[in-house]
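Overview (structure and organization)
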Amino acid sequence: MAENYDFKQVEEKIIKFWEKENVFKFNPNKKGQVYAIDTPPPTVSGKMHIGHAFSYSQQDFLARYHRMKGDNVFYPFGTDDNGLPTERLVEKTKNVHAKDMSREDFIKLCMEFLKEELPRFIHGWKRIGVSSDFDIYYSTINEHSRRISQWSFLDLHKKNRIYRKDAPAMWCPECQTGVSQVEIKDKEIESTFNTIIFKVGKENIKIATTRPEFLPACVAIFYHPDDKRFKSLKGKKAKVPLFDFEVPILEDKRADPEKGTGIVMCCTFGDQTDMEWQKAHNLPIKEAITPNGKMSELAGKYNGLNIKEAREKIIHDLKDAGLLTEQKKISHFVNVHERCGKEIEFIKSKQWFVKYLDLREDMLKWGAKLKWHPEFMKTRYDNWVKGLQWDWLISNQRYFGVPFPVWYCKKCGEAILAEEKQLPVNPLKDKPLKKCKCGNNEFIPEKDILNTWFTSSMSPQIAIKLMPDSIQKNLFPMALRPQAHEIITFWLFNTVFKSNIHFGKNPWENVMISGFVTLEGEKMSKSKGNVVEPSEVIDKYGADALRFWAAGSRLGEDLDYQEKDLVTGKRFITKLWNASNFVFMNLKDYNHKKPKKIEKIDELFLIKLNSLIKNCTEHFEEYEYSKAKSEAEKFFWSMFCDNYLEIVKKRIYENKENKESAQYVLYHSLFSILKLMAPLMPFITEEIYQLYFKNPKNSSNFGTQKTSGFLGNEKEKSIHISQWPSFEKEGKTDELDLFIEILSKVRQEKTKAQKSMKAEIILSIEKENMKKLKDILGDLKDVTNAKEIKEDSFKVEFV
RNA sequence: GGGCCUAUAGGCUAGUGGCAAACCACCUCGUUUACACCGAGGACUCGGCAGUUCGAUCCUGCCUAGGCCCACCA
């Protein structure tokens, strides 16, 4: 009698076994089509969360399926540990502030932190059974990644896609960094609408604003051309209160007569419209706010105050001067930096950009060439491309990241780029290889770092270039990019863009997009406090149960986390365990020889199994692992356990002469079912394989097999590199269907009569059914425990 | 404001132009050679309105609700 399945002990043991035996090691010389996966490198910003467990499980289903199907799976693993998220984690854990330290010390601290943190972090992915080759590993901050990222910069520059300009850039005063379009989000905040009096000659005009601190940067007043109320003001000048300078009053369609008082001030730069006006009317640029979030000299007596203080003071002074007529509390949406939640400001600053707005048509074509799974995710890409308004801002004024390979000549200011052969370069330490064109040999290093997406959008190259040159060409373009849908607009999009510019082709053929995990219908997030820790789930139910749950929703769909589903998964695992033990209890004298005759009922069962295999294979090909799961699950539970095992029990218990046929079919059908489940539940299937199926001569590293007498006969060292079951036998199974229908009716009768399922009966069935079932009547007799089967209308008599 | 997705039993999910399904929970019964983490059975359901159709849960349109992405935000 086998003991209970101890998932904790087994899963840890199997993780070590896979590692020791190099089961998932990529072998470039292996035959078979290469299937390269652009594994998402998780951001090192804390612990793994359940959304990770969910989406990495789903991509692993596909990786394991392709491996068993015979593809040569290239499945690297990386961590995204450059840039802000990691900085923030280090600041928090080590209780330091980057800006209080020397840059070098801070970077050193980050690297030390990563060294001790990463193994623990990565173990989370091993624990859920991700079958990456963890030796093909990259960190987006290591030398290798820096070299490739900087090369990308040089190459884009060569292709005239890089420029640096003085531009109103979105700026986070809190993080003191430029922020790209993708790093901002909306937040609803309470604010006050202040109605302020501007003088036009002797006339008063009222202008409403939530940002009175921008008054010193006011450059114009606008009203809508159709708005008759203000027509008389055209061409006149208004005097800015408190600051006493004059600005022109102009017409522009973007002024909304319905909003505020219908007339609006334009300040550079209060918001995006201000920037458009500035451009359209060629207005001067005034900077009221400095990069550290303080008022500039332009603000006169408010110079040096932070934004909020200045706002309060200015409101106070306006009140005193009688220039404030109304204050209304409102709540509105503003752009905030997604990392820190603080309001974004626009400031004039020198930033590096990648020029790509001119390529929107091409971008749509690139997106159309990808195979999207599920298909509807493509529209998100398209909508993003159509909505692009700015070029890609790639510089961040932070510390921990890939530096720009750039210096500036101290004399003429010319930007000097590093040469390819000196990469990776740290401009703070290294020097250009040549003098500046102007003959000067002194340089100012660029201190900015490249935005993390600039580096992670090179993930295919970063992974591939870990391999020897000779095989790199087989790996690109890759077969698959798996990822979550919220970063289609940045990671996916930027990778497609870069690949097409650098190499003239898409980086992969397929993309698979996971949904996310919800709790009671809401997205899980730290800020909402509704997170579930995957490590706790695994402790309680095991990784297989977690994966079983992750296989429960279709690709791209969100899935609600319900503990019940984990219970179901665990139950299924127990059932697999028990059924396998039972099968092998009855195979002690099995000799692996194919019996001379396969009994009819066994044959019919094999045909059923065959169509299951066919369906599951098709589902995996279509990324529909959830369909494969539910079909295999149902087949195993009801067709295999509840029906087939019951049917063959008596034949084996009573040692009938045709029992070899049953044994042969038991062995092979259970093996096939295990293989179908192996991509989804890699641990329990491996354990059963190792204990029963593998030839003990090959199992030196796993411990002894369980059953005495019976010897497994399979050669592969792991079920995960065994061959995916094939499907050959097709045919009709009408007799078996009828058989099961009758069996089920008999069971109903027994239940109705409140009898045991084992109660002995006399069964009567119709003549035509008797005829149809003539080859399998003996089995029907066995499974229903009928003393005899008579020809009559259906009837169950108890003896 | 634009877009995408979703709406099926008490809960979570399948699915189909013609009987609506699995699992959990619930109720009844059984259970001594794998499994009480079992087996047999029961009960309950297609968001609303219109259209196409012999027939719509499924196709079309509108509405409602929720989620997500984007834009706007003086």
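Below is a short write-up of the structure. (Residues numbered from 1 in each chain as written. Chains lettered and ligands numbered in written order. Predicted model: local features only at pLDDT ≥ 70, side-chain atom pairs only at ≥ 80, totals over all residues. Heavy atoms only, no water.)

**Quick notes on the overall build of chain A**
The helix and strand tally for chain A stands at 23 helices and 29 strands. Counting only C-alpha atoms, chain A reaches 115 × 60 × 45 Å along its principal axes. The buried share among the 799 residues of chain A stands at 57%. Counting only contacts in chain A whose residues sit at least 6 apart along the sequence, the fraction spanning at least 24 positions is 76%. Accessible surface, chain A as shown: approximately 36100 Å² in total, 47% of it carbon and sulfur. Looking at charge distribution, chain A has the averaged site of its 129 positive side-chain charges lying 2 Å from that of its 115 negative ones. (Helix = DSSP H or I, 4+ residues; strand = E, 2+ residues; numbered from the N terminus. Buried < 20%, exposed > 50% of the residue type's maximum accessible area, 1.4 Å probe, protein only. Contact = heavy atoms within 4.5 Å. Areas by Shrake-Rupley, 256 points an atom, 1.4 Å probe, with all protein chains shown as cover. Lys, Arg positive; Asp, Glu negative; His and termini not counted. Charge placed at Lys NZ, Arg CZ, Asp CG, Glu CD.)

**Structural notes on the pattern of salt bridges**
Considering all chains together, one arrives at 35 salt bridges under this definition. Residue D382 pairs with K378 through a salt bridge whose shortest N-O separation is 2.8 Å. Within this pair, D382 and its partner K378 are both found in helix α9 (residues 378–387), separated by four residues, close to a single helical turn. One connected set of salt bridges, linked through shared partners, spans R211, E213, R311 and E345. (Salt bridge = Lys/Arg side-chain N within 4 Å of Asp/Glu carboxyl O.)

**What to know about empty space enclosed by the protein**
Across all of its chains, the model carries two cavities of 30 Å³ or more by this definition. Looking at the second largest cavity, its volume works out to about 40 Å³. If you trace the second largest cavity, you find it lined by F214, T268, F269, I285, K286, E287, A288, I289, F346, I347 and K348. In the lining of the second largest cavity, the residues fall into seven nonpolar, one polar and three charged. (1 Å grid on protein atoms, 1.4 Å probe; cavity = no way out; pocket = protein on both sides within 12 Å on 5 of 7 lines; lining within 4 Å. Points joined across faces, edges and corners; volume = space filled by probe spheres on them. Nonpolar A, V, L, I, M, F, W, Y, C, P; charged D, E, K, R; others polar.)

**Brief notes about the protein's contact with RNA strand B**
Near RNA strand B lie 56 residues; those nearest to it are A208, D271, T273, R571 and Y653. Here RNA strand B approaches the protein such that, of its atoms within 4 Å, sugar and phosphate make up 72%. A distance of 3.4 Å separates a sugar or linking oxygen of RNA strand B from a polar atom in the side chain of R380. A distance of 2.8 Å separates a base oxygen of RNA strand B from a polar atom in the side chain of K575. (Near = heavy atom within 4 Å. Polar contact = N/O pair within 3.5 Å; in protein donor to acceptor, adjacent residues only side chain to side chain.)

**Details of the packing of aromatic side chains**
Per the stated rule, a full pass over the model turns up 47 aromatic pairs. Through a chain of ring-to-ring contacts, three or more aromatic side chains come together here, namely F153, W352, Y356, W372, Y381, W384, W392, F404, F454, F493 and F497. Against the face of F353 rests K165, its NZ or CZ located 5.7 Å from the ring centre. Lying over the aromatic face of F245, K286 brings its terminal NZ or CZ to 3.7 Å of the ring centre. (Phe/Tyr/Trp six-rings, centres within 6.5 Å; stacked < 30°, edge-to-face > 60°. Lys NZ or Arg CZ within 6 Å of the ring centre and 35° of its normal.)

**Things to note about the side chain of S152**
Within the element layout of this structure, S152 appears in helix α5 (residues 143–158). Residue S152 is classed as buried on the basis of its relative accessible area, which comes to 0%. Apart from the residues within four sequence positions on either side, S152 is in contact with F454, M458, K498 and H502.

**So, the sheet that holds strand β19 (residues 415–417)**
Pairing is antiparallel across the open sheet formed by three strands, whose spatial order is β19-β18-β20. Each edge of the open sheet is held by one strand with a lone partner, namely β19 and β20 (443–445). Here the strands of the sheet are splayed against their neighbours by 35° on average, with no regard to which way each runs. Where strand β18 (residues 406–409) and β19 come together, three bridges link them in antiparallel fashion. By the bridge assignment for β19, W407 is matched with I416. (Pairing = 2+ DSSP bridges. Axes fitted to C-alpha atoms, helices over the stretch in contact; angles between N-to-C directions.)

**Focus: the environment of S395**
Turning to its location among the elements, S395 is positioned in strand β17 (residues 395–396). Within the local environment of S395, its side chain forms a polar contact with the side chain of Q351, the two groups lying 2.6 Å apart. A polar side-chain atom of S395 sits 3.0 Å from the main-chain amide nitrogen of W352.

**Describing the pairing of strand β11 (residues 246–251)**
In this structure, strand β9 (residues 218–223) lies alongside β11, joined through three bridges in parallel fashion. Across the sheet, residue Y223 finds its bridge partner in β11, namely E251. Direction of pairing for strand β10 (residues 237–239) relative to β11: antiparallel, over a ladder of three bridges. In the strand pairing of β11, K239 is matched with E246. Adjacent in sequence and paired antiparallel, β10 and β11 are bridged by six residues, among which L242 carries a positive phi angle near 70°.

**Overview of unusual backbone geometry**
The general pattern is negative phi for most residues beyond glycine and trans for most peptide bonds. In this structure, P374 follows H373 across a cis peptide bond, with omega equal to -5°. Along the polypeptide, P374 turns up in the loop between β15 (371–373) and α9. With an omega of -5°, the peptide bond between F476 and P477 qualifies as cis. Considering the arrangement of structural elements, one finds P477 in the loop between α12 (469–475) and β22 (478–484).

**Remarks on helix α15 (residues 543–550)**
Burial analysis of α15 places eight of its eight residues in the buried class, which makes it a mostly covered element. For α15, every residue scored as buried is listed here: A543, D544, A545, L546, R547, F548, W549 and A550.

**Thoughts on the packing of helix α3 (residues 84–94) against helix α4 (residues 103–127)**
Viewed as axis vectors pointing N to C, α3 and α4 meet at an angle of 85°, and their least axial separation amounts to 10 Å. When the interaxial angle is binned, α3 and α4 end up roughly perpendicular. Where α3 approaches α4, its residues T86, E87, L89, V90, E91, T93 and K94 are matched on the opposing element by F106, L109, C110, F113, L114 and E116. (Parallel < 35°, antiparallel > 145°, perpendicular 65-115°, else oblique.)

**Quick look at the nonpolar core**
Residues W549, F640, F693, F739 and L780 are the most contacted members of the largest nonpolar core, which totals 137 residues. A total of 13 residues in this core trace back to one element, the largest contributor, which is helix α18 (residues 625–653). Formed by 60 residues, the second largest nonpolar core is a distinct cluster that contains F74, M363, A418 and L475. (Core = buried A, V, L, I, M, F, W, Y, C linked by side-chain atoms within 4.5 Å.)

**Considering the pairing of strand β12 (residues 263–267)**
For β12, the buried fraction is high: four of the five residues fall into the buried class. Across five bridges, the pairing between β9 and β12 is antiparallel. Looking at the pairing, Y223 lines up with I263 of β12.

**What about the sheet that holds strand β23 (residues 508–514)?**
Overall, parallel pairing links the three strands, which are arranged β15-β23-β22 in an open sheet. Unpaired on one side and paired on the other, β15 and β22 mark the two borders of the sheet. Direction aside, the axes of adjacent strands within the sheet are offset by 20° on average. In the sheet, β15 pairs with β23 via three bridges, with the strands oriented parallel. Across the sheet, residue W372 finds its bridge partner in β23, namely V511.

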